Amino acid sequence: MLPKAYDPKGTEDRIYVLWEESGAFMADAQSKKEPFVISMPPPNATGQLHLGHAVMLALEDIFIRFARMQGKEALWLPGTDHAAIATESVVIKKIQKEEKIKDPRAHYGREKLVQKIAEFVEQSRATIRSQVRKMGASCDWSRERYTLDASLNRCVNEVFKKMYEEDPKLIYRGFRVVNWDTALQTTISDDEIEHEEHEAVLYTFEYLSSRQTGGEPLYVATSRPETKLGDVAIAVHPSDERYQHLVGKKFPVRWPGGRTISITVIADSVVDPSFGTGAVGVTPFHSKIDEALWNRHKSIDSTEPIQVITENGKIFHTIEGYGGMTVPECREAFVEGLRKEGRLLKEEKYMQPLSISYRSKKPVEELPKLQWFIDVNKEAIVWRGGKKKMSLKQIMQEVIRSHDISIIPGRFEKTYFQWIDHLQDWCISRQIWWGHRVPAWYCKKCNKIFQATDATARGVSLKHPVPDYVGIPELKKCQNCGEKNDLEQDSDTLDTWFSSGLWTWSTLIDPALAEDTSLSLQDLLKKSPDFQKFLPTSVMETGYDILFFWVARMILMTTYATGQIPFKHVYLHGLVRTRDGKKMSKSDPSTCIDPLEIIPKYGADALRLSMIVGQSPGNDFRLYEEKIAGYRNFINKLWNASRFVLMQCEKAEISPKAIPAEFSTPNSQLSTPDRALLSSLQRLVENVTEGLKAYRLSEVGEQLYSFVWDFFCNGYLELSKGEVDVSVRLKALRTIVHLLHPYCPFVTEELWSQIAPEGAGLLIKEPWPVVEEDRIDLVPEKKFELLINVISAIQSLRMEYGVPSKTKIPAIVHVAESDSFLLAYSQHFLRLANIDHLEVVPKAPAHKHGMVSMFLKGADVHLSLEGVVDLAKVKQNLEVERAQLEKFLSGVRAKLSNEQFMERAKPEVVETEKQKLADGEAKLAKIEERLRALA
RNA sequence: GGGUGGUUAGCUCAGUUGGUUGAGAGCGUCUGGUUUACACCCAGAAGGUCACAGGUUCGACUCCUGUACCACCCACCA
């Protein structure tokens, strides 16, 4: 006998082992079945499983189990991400704290530090694996991948090389202003910047004196006066009359501290004449905007921009008066100098958008640096046999526009397009050590400094070597001098999203084949069975917060490298929030719900349901313990319903195993409740199947919940007590656990082991239920519903008039059509509604003193409560009911007397309105008659 | 500055092609229950002018426009 309450703790791990050992998770690349594929978004290799992962795992497991049961070749490929900057900074902090080493990079050196990080990652990957299992994720562990696997690294190198060798080049090395994280000492991409409103001071000061301008002095407003030490120009709006006479002129400007710069006044329409003084200093090396502005105008002047701020956030030692100061120190000293010289006009507070690093949460400096970039605008690629070459940006737009890839919910397509519109070349090199090292080698022997980069042209001393070899390490050899031993690899690593962008297909490369460096990338793809069978993947499911970071990058990298889309559908889930609607933050553990604490307490099944039902894609949702407890209760309800059916089997001395899967008893031999059950079950199968196909997970979950609890347990099973034939309810239960299996796999698998027919395998491998059309019959369903409604009406009347629950009373039910059905179930009435006598009559009974009634559709229920009932209350209730009904009827009448409604509304709508009127009037007549009798 | 989403019962949220019983669920509240599957339960009840204002329509929670508040995303006003 099963225990009274379901015990997830004692069940889940055991079931998971059964699944895993059964091979049910493993996909077969040789299969002829239609593939259904999900690449699991790889959790960071550092972390713990959190609720974001839990949502992702729950959703994807539902998709994959449904597909598997539907007979598709289901592959869910798991893995982990090396998470470059995130991991390196975690480990560095750890070393600083635990080993008291101030600068672990300097202390250990590259090789040793990378090794230490790798060791750390290896441990936490094991943790992640076990945590993913806890959620019940049915992924194919035999195909587990890691972004730093050799075969994935090969793909990274191959794609880098391919892009570099494209004509025109899609990967290039350039000296440009980039985002510099001074805390982490690395560049970051545009997407890794957060914009925050920040209170700042806007300083307005005299830039050109009245002597220089020949009139009013020229003032400039800025929040970063220290950068003015590196200005090369003053920009004004072309139609700004205040400055027309100065445009094109060149002036020397001497700053406090001794530095003199030379600036030219230029006119450009990006300048907003209404902000500040309408004149803005142009600092090409500390602002991307200024850099672009200066590039448009630099032909008029040969002044070279200079770098004022170093990588450490200090002022360059060559800057007169401020060398070595920090930025805030310099700002203060510079402003003080201006003040002393009487050049400071005003200081105002204002809200300034500040760039913060997504990684370190520290302000980002814009600095000029020599970095690697992916060019998103060069038209270099032929997409799908098109005639015109397209840019990466254009392909990214095209695949969404053509709906080769669809995004759920659809509104994110607009967001995606807007992001692409603003997309600029992607800086992919990082000055950290953990990750895929840039696959470019410089020959020490023939290394030359190449000509005319932008930087050298500006007189900045920079080594700007062009790599002698780009590609995969095994083949590295200088293409110029043929030297093999004297090659030095670029010291930078690649942005973590570069490799993540390849995830959907680099994971499908055959690792053994990837070792053969004689194969080209093309051959590798062609010869890898998984790649051939499983790309494109079916659905990419992830949080909307990484639409740009990851989803967009996968589209970019995959379309380019393979000529295919990475996935057909993108399903974006919302973010989990606290009860108060706040973000759960790692820094404040009290706000977090930890799935690893929830699972032992409530079970993974309950957690899964609580994150799926009631949520819609793309919208955030709140999760709190009571919600999870509610679904734990549901799981337990299902458990007990099954236990009950099993007990009935036992009583009937029938083993469930002996009842075959096929159920062939014709409808005509079944009772009305059994027919009603089978009929509504078919409609449930249909709704669930269609709903899951359309990714309407919440709606389907609700339907299953309501069917099990309301219809099956509270309706059907309650009524079935004492009925001997268990075969129909067992069949129904079997279907129910099939339908629920994707949502709550553990409890359903456990129940299946009890209720399955002899010889059945695991539920995970069972075929999905099909709709049995011949079982659909609405007549029994209607009858059954009436029965439930009548019982409910009796109970309602009893409560309303305060009949004690133990007091048995007689009931008369007046049914419109004479049918022995209700009478046949009289003993259940007696039990469920506490009735001592039931009379079913074809004619309305005469009113008796103390009679209370409820008029239902299809039946009227009368109780004789002589001596119990308060007549005044009966009368009052009837009057309230009459008033409501009259109000309703007047609305219906108004509709029906509206000519336009009669003309234009659909006939069936008119018909239902007429029916409403007829039913309502009949009911009204009954109420009035009763009121007359009471008068 | 541009964009997106939200505003439905005390709380958390569903509501997919505008009319199929006069607006739904869970939790909470109230009333009554040791009905031998389940108190992680059963029965019943109260509670909403579907943010506001217009418009389209015979008919709008559902479509359109505008307003307010909240949240989020993007952004070259230094």
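Residues numbered from 1 in each chain as written. Chains lettered and ligands numbered in written order. Predicted model: local features only at pLDDT ≥ 70, side-chain atom pairs only at ≥ 80, totals over all residues. Heavy atoms only, no water.

Novice: Describe the nonpolar core, listing the residues and the values that go with them.
Specialist: Met-611, Phe-712 and Tyr-743 are the most contacted members of the largest nonpolar core, which has 144 residues in total. When residues in this core are grouped by element, the largest group, 13 residues, is from helix H2 (residues 51-69). Once you skip the residues sitting within four places of it in the chain, Phe-712 turns out to touch Ala-641, Leu-677, Phe-707, Leu-717, Arg-729, Ala-732, Leu-733 and Ile-736. Ranked by size, the runner-up nonpolar core spans 72 residues in total, among them Trp-372, Leu-547, Leu-556 and Ala-561. (Core = buried A, V, L, I, M, F, W, Y, C linked by side-chain atoms within 4.5 Å. Buried < 20%, exposed > 50% of the residue type's maximum accessible area, 1.4 Å probe, protein only. Helix = DSSP H or I, 4+ residues; strand = E, 2+ residues; numbered from the N terminus. Contact = heavy atoms within 4.5 Å.)

Novice: Please set out the pattern of salt bridges residue by residue, giving values where relevant.
Specialist: Any two side chains of opposite charge can pair, given that their charged atoms come close. Per the stated rule, a full pass over the model turns up 53 salt bridges. Where Asp-191 meets Arg-553, a salt bridge forms, and the shortest distance between an N and an O atom there is 3.1 Å. With a gap of 362 residues between them, Asp-191 in the loop between strand E6 (186-188) and strand E7 (193-208) and Arg-553 in helix H17 (residues 547-562) connect regions that are remote in the sequence. Assigned by exposure class, Asp-191 and Arg-553 land together as buried. Notably, a salt bridge pairs Asp-860 with Lys-926, separated by 2.6 Å at the nearest N-O pair. A residue pair is termed long-range when its members are at least 10 positions apart, and Asp-860 in strand E29 (residues 859-864) and Lys-926 in helix H30 (residues 907-934) qualify at 66 residues. For Lys-926, a relative accessible area of 28% puts it in the partly exposed group. One continuous salt-bridge network, built from bridges that share partners, spans Glu-122, Arg-125, Arg-129 and Glu-144. (Salt bridge = Lys/Arg side-chain N within 4 Å of Asp/Glu carboxyl O.)

Novice: Describe the sheet that holds strand E26 (residues 809-815), with residues and values.
Specialist: Taken in spatial order, the four strands make up an open sheet running E27-E26-E29-E28, and their pairing is mixed. Here the strands that pair on one side only, and so sit at the sheet edges, are strand E27 (835-841) and strand E28 (851-855). Taken over all neighbouring pairs, the strand axes of this sheet differ in orientation by 20 degrees on average, direction set aside. Of the strand pairs in this sheet, E26 and E27 are connected by six bridges, and their pairing is parallel. (Pairing = 2+ DSSP bridges. Axes fitted to C-alpha atoms, helices over the stretch in contact; angles between N-to-C directions.)

Novice: Account for the pairing of E28, with residues named and values stated.
Specialist: Looking down a regular strand, the side chains alternate between one sheet face and the other. Taken across its five residues, E28 has four buried, putting it largely inside the fold. In the sheet, E28 pairs with E29 via five bridges, with the strands oriented antiparallel. By the bridge assignment, Met-851 is partnered in E29 with Ser-864. Linkage of E28 to E29, two consecutive antiparallel strands, is achieved through a turn of three residues, within which Gly-858 is found at a positive phi near 95 degrees.

Novice: How would you explain the sheet that holds strand E19 (residues 469-470) if you had to name every residue and give the values?
Specialist: Neighbouring strands of a sheet are bound in pairs by backbone hydrogen bonds; such pairs are parallel or else antiparallel. Pairing is antiparallel in the open sheet, where three strands are placed in the order E19-E18-E20. Edge strands, defined here as strands with exactly one partner in the open sheet, are E19 and strand E20 (487-489).

Novice: Pulling in residues and values, what's your account of the packing of helix H10 (residues 411-422) against H17?
Specialist: Helix-helix packing: each pair is described by the crossing angle between the helix axes and the interaxial distance. In contact at an axis separation of 11 Å, H10 and H17 are set at 80 degrees when each is read in the N-to-C sense. With respect to their mutual orientation, H10 and H17 come out roughly perpendicular. Side by side, H10 and H17 meet where Phe-412, Thr-415, Tyr-416 and Trp-419 of the first sit next to Leu-547, Phe-548, Ala-552, Arg-553 and Ile-555 of the second. (Parallel < 35°, antiparallel > 145°, perpendicular 65-115°, else oblique.)

In short, geometric facts, not functional conclusions.
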